[in-house]
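# Residue-level structural notes
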Amino acid sequence: QRDTVAWGRLTVAADQLDDLESMRKATESRLRSLTEPVEIRSAGIIIDKGMAGTPEAHSLEAQLDALKAAEKIAVREIERAMAAHPLSDFVKSTMGVGAKTVARLLGAMGDPLYRFDPEKGEMVERTFSQLKSYCGCGNMAEQRRKKGVKSNWNAKARMRIYNIVEPSIRHRC
């Protein structure tokens, strides 16, 4: 019996964290572009933006603080959702990957055992090769972006797989 509530909770928590994280990064970038000086070394010019301490900068700082607090809450929620998930014991026993990272991957790809078949209009079992292909890890010669051709993989799941695998390859013993 599949626990669809756990999958739904995990997906919503992962999407919420992604949204808050991107908003925080954008706000940090706006604040930095407003307040930090820019140096053009080749011309010997320093552009001092001089906006630090202005009402606009204070407003962005307040928004940034609120987004950081909301992001902390979202991280706690995704960790709670992962702890309540059927795969939480597997994640705890796996070295090198954290609950937050796996939760974001599972939120991006959904249930690894089942997929929605639009032809049948119902959930059907997914094979391992279908899962690999959906995550962009199938036939690497075919899984490249081509002009005018729609990708057959989930870009977010592919990025999450890369975020898990790349550090483990870089830091292997």
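Given the structure is predicted, the values throughout are model-derived calculations rather than measurements.

### What about the nonpolar core?
- Ranked by internal contacts, the top residues of the largest apolar core, which has 23 residues, are Leu10, Ile78, Met82, Leu106 and Met109.
- When contributions to this core are tallied by element, the ones reaching two or more residues are helix H1 (4–35), helix H2 (55–83), helix H4 (99–109) and helix H6 (155–170).
- Not counting the four nearest positions on each side in its chain, Leu106 is found in contact with Trp7, Leu10, Met82, His85, Leu87 and Pro112.

### So, the pairing of strand S4 (residues 122–125)
- Sheet topology places strand S3 (residues 114–117) next to S4; 4 bridges connect them, and they run antiparallel. Note that in S4 the partner of Tyr114 across the bridge is Glu125.

### Observations regarding the layout of surface pockets
- Taken as a whole, the largest pocket encloses approximately 410 Å³ of empty space.
- Lining of the largest pocket is provided by 18 residues; of these, Phe90, Leu105, Leu106, Met109 and Ile161 occupy positions nearest its centre.
- Only helix H3 (88–93), H4, helix H5 (128–134) and H6 provide two or more residues apiece to the lining of the largest pocket.
- With 4 residues, H4 is the largest single contributor of residues to the lining of the largest pocket.

### Digging into the pattern of salt bridges
- If you walk through the whole model with that rule in mind, you get 9 salt bridges.
- Each of Asp15, Asp18, Glu21, Arg104, Lys156 and Arg160 takes part in one network of salt bridges that share partners.

Scoring rules and cut-offs
- Residues numbered from 1 in each chain as written.
- Predicted model: local features only at pLDDT ≥ 70, side-chain atom pairs only at ≥ 80, totals over all residues.
- Heavy atoms only, no water.
- Core = buried A, V, L, I, M, F, W, Y, C linked by side-chain atoms within 4.5 Å.
- Buried < 20%, exposed > 50% of the residue type's maximum accessible area, 1.4 Å probe, protein only.
- Helix = DSSP H or I, 4+ residues; strand = E, 2+ residues; numbered from the N terminus.
- Contact = heavy atoms within 4.5 Å.
- Pairing = 2+ DSSP bridges.
- 1 Å grid on protein atoms, 1.4 Å probe; cavity = no way out; pocket = protein on both sides within 12 Å on 5 of 7 lines; lining within 4 Å.
- Points joined across faces, edges and corners; volume = space filled by probe spheres on them.
- Salt bridge = Lys/Arg side-chain N within 4 Å of Asp/Glu carboxyl O.

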